[in-house]
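Structural description and commentary
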Amino acid sequence: MTNADSSTLFAELRTGNLGVRLAISETEVDAAQALRYRIFYQELGARPDANAALSQRDRDIYDTVADHLLVVDHSLGDGPESVVGTYRLIQRDGAHRIGHFYSADEYDISRIEALTGGILELGRSCVDTGYRNRSVMQLLWRGIAAYVFHHRIDLMFGCASLPGTDPDVLATELSYLSHHHLAPAEIRPRALQHRYVEMRRLEPVDIDPRAALSHLPPLIKGYLRLGGFVGDGAVIDPQFNTIDVAVVVQTDLITEKYYRHYQLQSREPQD
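Residues numbered from 1 in each chain as written. Predicted model: local features only at pLDDT ≥ 70, side-chain atom pairs only at ≥ 80, totals over all residues. Heavy atoms only, no water.

This brings us to the overall build of the protein chain. For the protein chain, the helix and strand inventory stands at 10 helices and 10 strands. When contacts within the protein chain are restricted to residue pairs at least 6 apart in sequence, long-range pairs at least 24 apart make up 77% of them. Carbon and sulfur atoms provide 51% of the accessible area of the protein chain, an area that totals close to 12700 Å². (Helix = DSSP H or I, 4+ residues; strand = E, 2+ residues; numbered from the N terminus. Contact = heavy atoms within 4.5 Å. Areas by Shrake-Rupley, 256 points an atom, 1.4 Å probe, with all protein chains shown as cover.)

Looking now at unusual backbone geometry. If you check the backbone angles, Gln 56 has positive phi at about 55° while not being a glycine. A residue is classified by how much of its surface remains accessible, and Gln 56, at 33% relative accessible area, is partly exposed. We note that Arg 124 has phi near 55°; this positive angle belongs to a residue other than glycine. Locating Arg 124 in the fold gives a position in strand β6 (residues 118–127). (Buried < 20%, exposed > 50% of the residue type's maximum accessible area, 1.4 Å probe, protein only.)

A full pass over the atoms with the stated rule returns 15 salt bridges. With a closest N to O distance of 3.9 Å, Arg 14 and Glu 12 form a salt bridge. Here Arg 124 makes a salt bridge to Asp 60, at a shortest N to O gap of 3.3 Å. In this pair, Arg 124 is assigned in strand β6 and Asp 60 in the loop between α3 (50–55) and β3 (67–73), connecting sequence segments 64 residues apart. (Salt bridge = Lys/Arg side-chain N within 4 Å of Asp/Glu carboxyl O.)

Let's shift gears to the layout of surface pockets. What the second largest pocket holds in volume is close to 310 Å³. Residue composition of the lining of the second largest pocket, grouped by class: four nonpolar, three polar and 10 charged. (1 Å grid on protein atoms, 1.4 Å probe; cavity = no way out; pocket = protein on both sides within 12 Å on 5 of 7 lines; lining within 4 Å. Points joined across faces, edges and corners; volume = space filled by probe spheres on them. Nonpolar A, V, L, I, M, F, W, Y, C, P; charged D, E, K, R; others polar.)

Ranked by size, the top nonpolar core spans 45 residues in total, and within it Leu 69, Tyr 87, Met 156 and Val 245 carry the most contacts. A per-element tally of this core places helix α6 (residues 134–151) first, with eight residues. In this structure, Tyr 62, Ile 109, Ile 112 and Val 235 belong to the second largest nonpolar core, which totals 19 residues. (Core = buried A, V, L, I, M, F, W, Y, C linked by side-chain atoms within 4.5 Å.)

Moving on, we get to empty space enclosed by the protein. Summed over the entire model, instances satisfying the criterion amount to two cavities of 30 Å³ or more. The calculated volume of the second largest cavity comes to roughly 30 Å³. Those elements that place two or more of their residues in the lining of the second largest cavity are β7 (153–163) and β10 (242–250). The leading source of residues in the lining of the second largest cavity is β7, at three residues.

What follows is about the environment of Arg 200. Note that Arg 200 resides in the loop between β8 (190–191) and α8 (209–214). Residue Arg 200 is classed as partly exposed on the basis of its relative accessible area of 38%. Taking the C-alpha atoms as reference points, Arg 200 and His 179, separated by 21 residues in sequence, lie 7.1 Å from one another. If we ignore the near neighbours within four places in the chain, the residues touching Arg 200 are Ser 175, Ser 178, His 179 and Leu 182. A distance of 2.8 Å separates polar atoms of two side chains, one belonging to Arg 200 and the other to Ser 178. (Polar contact = N/O pair within 3.5 Å; in protein donor to acceptor, adjacent residues only side chain to side chain.)

Given two aromatic rings, their pairing is described by the distance between the two centres and the angle made by the two planes. Within the structure shown, the criterion is met by seven aromatic pairs. Seen from their ring centres, Tyr 62 and Tyr 102 are 5.4 Å apart, and the 85° between their planes marks the pair as edge-to-face. Of this pair, Tyr 62 sits in the loop between α3 and β3 while Tyr 102 sits in the loop between α4 (92–98) and β5 (107–108), placing them 40 residues apart in sequence. The class for Tyr 62 is buried, based on a relative accessible area of 7%. Cluster of aromatic residues (ring-pair linked, three or more members): Tyr 37, Phe 40, Tyr 41 and Phe 240. One cation-aromatic arrangement involves Arg 88 over Tyr 102; the distance from NZ or CZ to the ring centre is 5.6 Å. (Phe/Tyr/Trp six-rings, centres within 6.5 Å; stacked < 30°, edge-to-face > 60°. Lys NZ or Arg CZ within 6 Å of the ring centre and 35° of its normal.)

Right, here's the structure in full:
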């Protein structure tokens, strides 16, 4: 399912052969799900269930109520074959249609859901192997910024992953995030009690913040650059071979520099 009305809200944003826009057809959503399968399961070692293994797709019920942001490479064509990056975006009304947000399987997000403004869950982000560079990540963020503008989103949140399932191996990264970037109490998710993993495994004096930051996945570093926070507690996801942290970004904490940049770029003539 695609949210066709949403797809008309902003035109494709271009940088050379690359563009970012929302999926406008079932075949494009299918291409995003195929990309997710290749990255999450074949590359990163997630464990597929029987349906995923048979279809070679990473798909779930949340896809049916989401908008799917795509990075496309026009040098590969203009159809599904051009999809080289994706991000899944779920608003409050979509989550209500199926009962809850994806993040609620891991975190108590009731404080976020109680907010009166627009909220947006980000997830299932991945980029094909040949496109993992700064310009592609910036293009994805331009698309997210355009979406935020059009839908008047006040807060973005979601689960972000670190590779592996041993929290002691990731003690430096988890401790750094909790000590330096813990969300304010009024918007702080907390890992569900039966899944809660303590993040503060090291004392602050035992952490080199610069080294810890350098070891974080690019996606999490991107959230932090936008003024993002993390929730209380991590969660082990054995199916995806990751440790998840909850990330929260208040859109009013995105600097005016970012807003001006994205607005200017979105108004440039398209190639």
